[in-house]
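Read off the chains here:
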Amino acid sequence: MRNSLKIVLPFPGMEHSWRTRAEEERKIDFRRDPSGAALCTAAYAASELKYFLEKAAPEPEVEITERNPAEPSPFVRLEIEGKDTGGGFELQPRGSGLVVKGHGRNGLLNGVYELLRLQGWRWLEPGPYGEIAPDKPTFDFLKCAKTCIPSFRYRMIDQYRESDDSVELLKWFSRHRINAVFRKTATGRFADKLGMLSRRGGHLLTKLMNPERLLPDGRTIWDAHPEWYGLPADGVRKKETALRIQLCFSQPGVIDYLCRSVFELLTSGEMAEVDMIDLWGFDTWGKNCSCEGCRHLGNGADQNLFLLSRIRDFLNRNLDRKVMMNTISYEGTVTMEATTKPVPRNLAAAGDFVIFYPIRRCYRHLLGDRRCELNKSYRESLEGWHQKAPGLSLWSGEYYNVSKFEDLPLVFADLIPAEMRYYHANGCNGATYMHNLSPNWGVRALTQLQHTQYAWDTGTDDKAFLAEYFVGKYGLHADKMRAVYRKIEDGLGDISSWRNWGIGALDVLMPWAGERPEKEFSLPHFPTVKAVLSALRKGVKQLESALEELRECLRAEQARNWHDLPAIRDIPPILTPAGLEKIRFYDKVEYRLGEDIRGLVYGLDTLRLLQRIVEYHDALYRGMKGEKQWEKIEELASKMSGCYVPIAYEGSAPGVQVKDALTRTQLRMLITRCRGARIRQKEKPA
Ligand SMILES: [Zn+2]
Ligand SMILES: [Zn+2]
């Protein structure tokens, strides 16, 4: 490696002020001061480049200057050309150096991280623990010429919870070329600095149309305008059920009210700095308004787009900044099925979009797999949106960590690349999924990495990408760990059948009183209860074997670590971040295996518990007492009740909750009911 490298920031005064500039995001109005914004992002990009180049090899000096060096010596010049938010960039070798030209601020950062990738840097998880440093760092990246335009223009992971308000998470997002995030109170400006678009909203219409919400004249919405709420089939509107039916969009009053309410939201308070607003309907799995006017508007999707189009007109006339609106293709809001009418032109022109959220999808099969009866309607819906709504931007919204999955150690290594290509081929230009992972990613780091990688480039080489992940993360254990991941992916492949909303075993068991069941246990995709049990047992076996192999890897790693690792005994009372890093993450591979083991122990117990409960259900159904099965349930429930699974960050307000493993299975209440049924049975006179 040559001895020094200059990072050229071609802005006056940057040589001395880059450190301050890189951290002054709180002083900048990123939406109204483009040159201040560019200075801040470019200075931050330079500081990141310097930090990692110096961390890779301490010898070379990396200096930040304003001008290209006079003599031929290595340099990287950072430029921002234009204001595009998509994240594209160019790398252009020039003499002894290279120009990184971002097609906007997000693009510049992506270009800088591309150089670091070329040098060998990887970021598997947030924080230093997830970093992989280059083996033999060089400046060979200076010779690389390329132009990168992402496959999906909008790339994000839904991190809607306030407890996702994290600088380390945003840095990880940035290093993986994410360009849209849910805006958070503490880190909103930090995300602005990273050139990310801010999104917010969710099921916003529920909040705006709460029947108890006060109008300016002091009356509640319901008291003043019951006719704004959807008309039930029986023709009688009731306050208690007002939100079960979507709004009556034929009422000019409600449209006008919503136009003004959305405008107010976007011009004051926490939404004053968002760039994308979710305007989703009531998530109540109800119906549309049955009045004649609404029927004329078309299906649920047509009605929703009609509303958005009217709000779009209002915003175009009144709002002084660009904000994209979105609605969803989703059953809960009666908008799954594609639009039947031409898409309003003003929506397409503004870049407004629809997010396709197939919440009850099956993960055993791909969306395009014609053998799967569960995914059939989703496939038709997505392809319908693609064909019938040209011009309207379409996003994929996956559910790799939907709340029912409770942070289980799921792997989708084979599914994600295929699914992302399918979405891309069907017109999607945005990709997201629910829900972002809280800490303790374990094997799920691969899901975050694959989602972000394929959102960036659907042409990624699948095998090479996986090989790099396993070698980078597990070193000598790469091949064994690839086999472990395969077992986990297959062992939990029926996760939707076990736990998902509406179609899963949890939904069958939740209402069960614990007495002898009247009906045999049954699930879609499984012809008999025998087939259900056989799949559960097979899954448990695969996870058991995966866990055993993981433990073998850990033992092998421990056998080496004691003499390979630095023996730091003299720990200073005050540690720098770098010093702390050395002590805390001294045994990265051992720590990573430990993290995977903890996640898998919880996943295995959760699947075992489900298996035992289905066995118990079946024993009672067959007229037996289920003594043996019950004992096994009590034993496992007691074990799970004794462990924390510290990964529940589900409140909508800031703060963290920690659940025990049993509570996370969502089966605690059922076990209580079964226990009650058994006690009552024993108390009955013989
Ligand atoms: Zn109506
Ligand atoms: Zn299926």
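Residues numbered from 1 in each chain as written. Chains lettered and ligands numbered in written order. Predicted model: local features only at pLDDT ≥ 70, side-chain atom pairs only at ≥ 80, totals over all residues. Heavy atoms only, no water.

**Points about the overall build of the protein chain**
Consideration 1: A count of helical and extended segments in the protein chain gives 24 helices and 18 strands.
Consideration 2: Taking 686 residues into account, the globule formula puts the C-alpha radius of gyration at 26 Å, and the protein chain, at 27 Å, falls close to it.
Consideration 3: In terms of overall dimensions, the protein chain has a C-alpha envelope of 95 × 70 × 50 Å along the principal axes.
Consideration 4: A total of 686 residues make up the protein chain; the buried ones form 58% of that total.
Consideration 5: A sequence separation of at least 24 residues applies to 73% of the contacts in the protein chain between residues at least 6 apart.
Consideration 6: Only carbon and sulfur atoms are counted for the fraction: they give 53% of the accessible area of the protein chain, which is about 29400 Å².
Consideration 7: Of the side-chain charges in the protein chain, 99 are positive and 91 negative, and the distance between the mean point of each set is 2 Å. (Helix = DSSP H or I, 4+ residues; strand = E, 2+ residues; numbered from the N terminus. Rg over C-alpha atoms; globule rule 2.2 N^0.38 Å. Buried < 20%, exposed > 50% of the residue type's maximum accessible area, 1.4 Å probe, protein only. Contact = heavy atoms within 4.5 Å. Areas by Shrake-Rupley, 256 points an atom, 1.4 Å probe, with all protein chains shown as cover. Lys, Arg positive; Asp, Glu negative; His and termini not counted. Charge placed at Lys NZ, Arg CZ, Asp CG, Glu CD.)

**Re the coordination of the zinc ion (ligand 1)**
Consideration 1: For the zinc ion (ligand 1), the protein coordination sphere consists of Cys248 (SG), Cys289 (SG), Cys291 (SG) and Cys294 (SG), at 2.3 Å.
Consideration 2: Bound by four donor atoms, the zinc ion (ligand 1) shows angles of 108 to 112° at the metal and therefore tetrahedral coordination geometry.
Consideration 3: The sequence motif formed by the donor residues of the zinc ion (ligand 1) is C-x40-C-x1-C-x2-C.
Consideration 4: By relative accessible area, cysteine 289 is classed as buried at 3%. (Donors = N, O, S within 2.8 Å, 3.2 Å for Na, K, Ca; no water. Tetrahedral: all angles 85-135°; square planar, octahedral: opposite > 155°, others 65-115°.)

**So, the environment of glycine 642**
Consideration 1: Tracing the backbone shows glycine 642 in the loop between α22 (627-641) and β17 (644-648).
Consideration 2: C-alpha of glycine 642 to C-alpha of alanine 661: the two residues are 19 residues apart in sequence and 7.7 Å apart in space.

**Topic: the pattern of salt bridges**
Consideration 1: Per the counting criterion, the structure on display carries 59 salt bridges.
Consideration 2: For arginine 21, the salt bridge identified is with glutamate 24, shortest N-O distance 3.0 Å.
Consideration 3: Overall, the relative accessible area of 28% leaves arginine 21 in the partly exposed class.
Consideration 4: For arginine 219, the salt bridge goes to aspartate 217, with nearest N and O atoms at 2.9 Å.
Consideration 5: Arginine 219 sits in the partly exposed class, given a relative accessible area of 41%.
Consideration 6: Overall, aspartate 217 belongs to the partly exposed group, its relative accessible area being 47%.
Consideration 7: Shared partners join several salt bridges into a network, and the residues in it are Arg31, Arg183, Arg189, Asp192, Glu273 and Asp275. (Salt bridge = Lys/Arg side-chain N within 4 Å of Asp/Glu carboxyl O.)

**Comments concerning the confidence of the model for the protein chain**
Consideration 1: On average, the protein chain scores 94 in pLDDT, and the residues at 70 or more come to 98%.
Consideration 2: In the predicted complex, the global pTM is 0.96; the interface-specific ipTM is 0.98. (pLDDT = per-residue confidence, 0-100.)

**Points about the sheet that holds strand β3 (residues 75-80)**
Consideration 1: Strand order in the open sheet formed by six strands is β2-β1-β3-β5-β4-β8, with mixed pairing between adjacent strands. At either margin of the open sheet sits one strand with a lone partner, and together these are β2 (61-65) and β8 (146-148). For this sheet the average axis-to-axis angle between neighbouring strands, irrespective of direction, equals 15°.
Consideration 2: Taken together, the three bridges between strand β1 (residues 4-8) and β3 define a ladder with parallel strand orientation. Opposite lysine 6, over in β3, you have phenylalanine 75 as the bridge partner. (Pairing = 2+ DSSP bridges. Axes fitted to C-alpha atoms, helices over the stretch in contact; angles between N-to-C directions.)

**As for the coordination of the zinc ion (ligand 2)**
Consideration 1: For the zinc ion (ligand 2), the full set of protein donor atoms is Cys362 (SG), His365 (ND1), Cys372 (SG) and His525 (NE2), at a range of 2.0 to 2.3 Å.
Consideration 2: Around the zinc ion (ligand 2) sit four donor atoms, and with donor-metal-donor angles ranging over 105 to 115° the site reads as tetrahedral.
Consideration 3: Read N to C, the donor residues that coordinate the zinc ion (ligand 2) are spaced as C-x2-H-x6-C-x152-H.
Consideration 4: Of the residues examined, cysteine 372 reaches a relative accessible area of 1% and is grouped as buried.

**Describing the pairing of strand β5 (residues 97-102)**
Consideration 1: Within β5, six of the six residues are buried, leaving the element largely enclosed by the surrounding structure.
Consideration 2: The side-chain alternation of β5 yields two buried faces, one formed by Gly97, Val99 and Lys101 and the other by Leu98, Val100 and Gly102.
Consideration 3: Bridge count between β3 and β5: six bridges; the pairing is parallel. Within the sheet, the bridge partner assigned to valine 76 lies in β5 and is leucine 98.

**Thoughts on helix α3 (residues 105-119)**
Along an α-helix, residues three or four positions apart point the same way, because every turn accommodates 3.6 residues.
Consideration 1: In this model α3 runs 22 Å from its N-terminal to its C-terminal C-alpha over 15 residues, within 8% of the 21 Å that 1.5 Å per residue would give.
Consideration 2: In terms of burial, α3 is largely enclosed, as 14 of its 15 residues are buried.
Consideration 3: Once α3 ends, the next one or two residues include glycine 120, with phi positive near 120°. (Expected span 1.5 Å × (residues − 1).)

**A few points about the packing of helix α14 (residues 445-456) against helix α15 (residues 462-474)**
Consideration 1: With their axes 12 Å apart at the nearest point, α14 and α15 run at an angle of 140° to one another. Taken together, the axes of α14 and α15 are oblique relative to one another. Crossing handedness for the pair α14 and α15: right-handed. Contacts between α14 and α15 involve Ala445, Leu446, Leu449, Gln450, Gln453 and Tyr454 from the former and Asp462, Phe465, Leu466, Tyr469 and Lys473 from the latter. (Parallel < 35°, antiparallel > 145°, perpendicular 65-115°, else oblique. Left-handed = near helix turned anticlockwise from the far one by under 90°.)

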